[in-house]
Number of protein chains: 2
Amino acid sequence: MSPDTAPRPRMTRQRREILDALDTRDFRSAQSWHERLRSDGSTVGLATVYRALQALVDSGDVDSVVSESGETLYRRCEAGEEHHHHLRCRVCGKAVEIDVPEFEEFARHIGDAHGYGDIRHTIELTGVCPECAAAGRG
Amino acid sequence: MSPDTAPRPRMTRQRREILDALDTRDFRSAQSWHERLRSDGSTVGLATVYRALQALVDSGDVDSVVSESGETLYRRCEAGEEHHHHLRCRVCGKAVEIDVPEFEEFARHIGDAHGYGDIRHTIELTGVCPECAAAGRG
DNA sequence: CCCACTATTGATAATGATTGTCGAAATCAG
DNA sequence: CTGATTTCGACAATCATTATCAATAGTGGG
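The rules behind the values
- Residues numbered from 1 in each chain as written.
- Chains lettered and ligands numbered in written order.
- Predicted model: local features only at pLDDT ≥ 70, side-chain atom pairs only at ≥ 80, totals over all residues.
- Heavy atoms only, no water.
- Near = heavy atom within 4 Å.
- Polar contact = N/O pair within 3.5 Å; in protein donor to acceptor, adjacent residues only side chain to side chain.
- Helix = DSSP H or I, 4+ residues; strand = E, 2+ residues; numbered from the N terminus.
- Salt bridge = Lys/Arg side-chain N within 4 Å of Asp/Glu carboxyl O.
- Buried < 20%, exposed > 50% of the residue type's maximum accessible area, 1.4 Å probe, protein only.
- Nonpolar A, V, L, I, M, F, W, Y, C, P; charged D, E, K, R; others polar.
- Contact = heavy atoms within 4.5 Å.
- Buried area = accessible area lost by both parts, 1.4 Å probe.
- Pairing = 2+ DSSP bridges.

Student: With reference to specific residues and values, describe the protein's contact with DNA strand D.
Tutor: Contacts to DNA strand D come from 22 residues, most closely from Tyr50 and Thr72 of chain A together with Gln14, Arg15 and Arg51 of chain B. What you see for DNA strand D is that sugar and phosphate hold 68% of its atoms within 4 Å of the protein. At 2.5 Å from a phosphate oxygen of DNA strand D is found a side-chain nitrogen or oxygen belonging to tyrosine 50 of chain A. Between DNA strand D and the protein, one listed contact pairs a phosphate oxygen with a backbone N or O atom of threonine 72 of chain A at 2.9 Å. Elements supplying a minimum of two residues to the surface near DNA strand D: α3 (46-58) of chain A together with α1 (13-21) and α3 (46-58) of chain B.

Student: Go over the pattern of salt bridges, please, and point to the residues and values.
Tutor: Taken as a whole, this structure holds four salt bridges over all chains when the rule is applied. Where aspartate 63 of chain A meets arginine 75 of chain A, a salt bridge forms, and the shortest distance between an N and an O atom there is 3.8 Å. Taken together, the positions of aspartate 63 of chain A in strand β2 (residues 62-66) and arginine 75 of chain A in strand β3 (residues 72-76) put the pair 12 residues apart, joining distant regions of the chain. Note on arginine 75 of chain A: relative accessible area 1%, which makes it buried. With its nearest N and O atoms 3.4 Å apart, the salt bridge here joins arginine 13 of chain B to glutamate 17 of chain B. A residue pair is termed a helical-turn pair when its members lie 3 or 4 positions apart in one helix, as arginine 13 of chain B and glutamate 17 of chain B do in helix α1 at four residues.

Student: Report on the protein's contact with DNA strand C, specifying residues and quantitative values.
Tutor: Taken together, 21 residues lie near DNA strand C, and Gln14, Arg15 and Arg51 of chain A together with Tyr50 and Gln54 of chain B sit nearest. Counted by atom, the contact set of DNA strand C within 4 Å of the protein is 69% sugar and phosphate. Within the side chain of threonine 12 of chain A, one N or O atom sits 3.0 Å away from a phosphate oxygen of DNA strand C. Sorting elements by how many residues they give to the surface near DNA strand C places α3 of chain B first, with four residues. Of the residues in the surface near DNA strand C, the class split is six nonpolar, eight polar and seven charged.

Student: An account of the interface of chain B and chain A is requested, with residue identities and associated values reported.
Tutor: Quite often, the size of an interface is put as the accessible area lost when its parts meet. Each side of the interface is counted separately: chain B has 35 residues, and chain A has 35 residues. Of the roughly 2800 Å² buried between chain B and chain A, counting both surfaces, carbon and sulfur atoms make up 63%. Across the chain B-chain A interface, the total number found is zero salt bridges. Applying the counting criterion to the chain B and chain A interface returns two residue pairs in polar contact (both at pLDDT 80 or more). At the level of elements, β4 (85-89), β5 (95-98), α4 (101-114) and β6 (117-128) of chain B are the ones that each hand at least two residues to the side of chain B that touches chain A. Per-element accounting of the side of chain B that touches chain A gives the leading share, 12 residues, to β6 of chain B. In terms of residue class, the side of chain B that touches chain A is made up of 17 nonpolar, nine polar and nine charged. Looking at chain direction, strand β6 (residues 117-128) of chain A and β6 of chain B are connected through nine bridges and run antiparallel. From the neighbouring strand, arginine 120 of chain A faces β6 of chain B, where its bridge partner is threonine 126 of chain B.

Listed below in C-alpha cells is the structure:
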C-alpha cells in the first residue's frame, strides 16, 4: 500500500473534444453527447465518453442528474460554480438554473432534527417550458 | 378507438401477496421485494412484481424514488397520504418522512417565474442515520 | 528528438435492471 | 358452471452502463 501513486491525467485528443463539446446549458445523456461528437466528425468511442464524463463528475467539472427514466444526464459546470439546482423541461431538456438558498439551510436543519449526518440533497424541478407548451407538446 | 374499455384490475393471489409484503417504511427495489416474497414462500414471478408495482405507483398506492445508482425503489404509501418527501439513510435505507410545505408553493412559484407549466418536483434528502453513524459505517 | 513506459482508447462482450412475449392458468360476469 | 379475458410466469429482448483487452498514443528521461 504505497501512499499514492498519483495518477496524472493525460490530455488526449478525445478528452479535449469531449470537454469542448460539453455544453453548460443542457443536460444530456452520455449517449447523446457521444452522438453529437460523432456527428461533429469525432471518432471518439462511447466507452471513452462514459469514462471521461465520470472523471469529470468526480473532479467537479461536470454536474449529473438522474432522470425519471433512470438515465444519467450530464452538463458542464460554469467555472467556480456554486451549488445550485435546475428547472428542467421534461419535453426538450432545456434547463434553467435556480437558486434555493433557503433550502440549503433547511436541509441541514432537517438532518440535524433527525440525527442524520452528512446530508446530501437533490432537488429536481421539472416542467414544460413555454416553447414546448406552445407547440402543444405539453 | 372505442372510448374506453375501462380495464378493471383483478384481485389475484399474487397481487394480494405483493400488497401484503409491501412495507410502508422502507424503500426497496423491485428485485428486493421479489426476493423477500420468494423467501416467504411465495412463487410469484419477478415480472409480475414489476408489473404490480408499476400499477400501484400509477394508482397512487405506492411511492417510488430513483436511487443514485439508477435503481427504482418502492414503498407503500400510508392510506390517505399527502404528498411528502423523505430523508433516507444511504447506508441502511431507513427512511423518515418529512414535510416541506414551504417548498410546495416555492416550486410553483419558481415554475411560474420561468413560464414553465405542469411543475413536478423531487426532493431527495439522504444522510447517514444515527445507528449507522454509531456503527462507524458513516 | 527518440524511446520506453504506461495511461488511454475503442470495439465488443458482459452486466444488471427493466420490459416484452406468449402459451398456460386463473378470475369474474352471467 | 362456463366462457371471455386478464394475469401469470418463465424466458427472451432491450437499454444504459461497465468491464475486457489488444492496440495506440502522451510523457518524461536520455
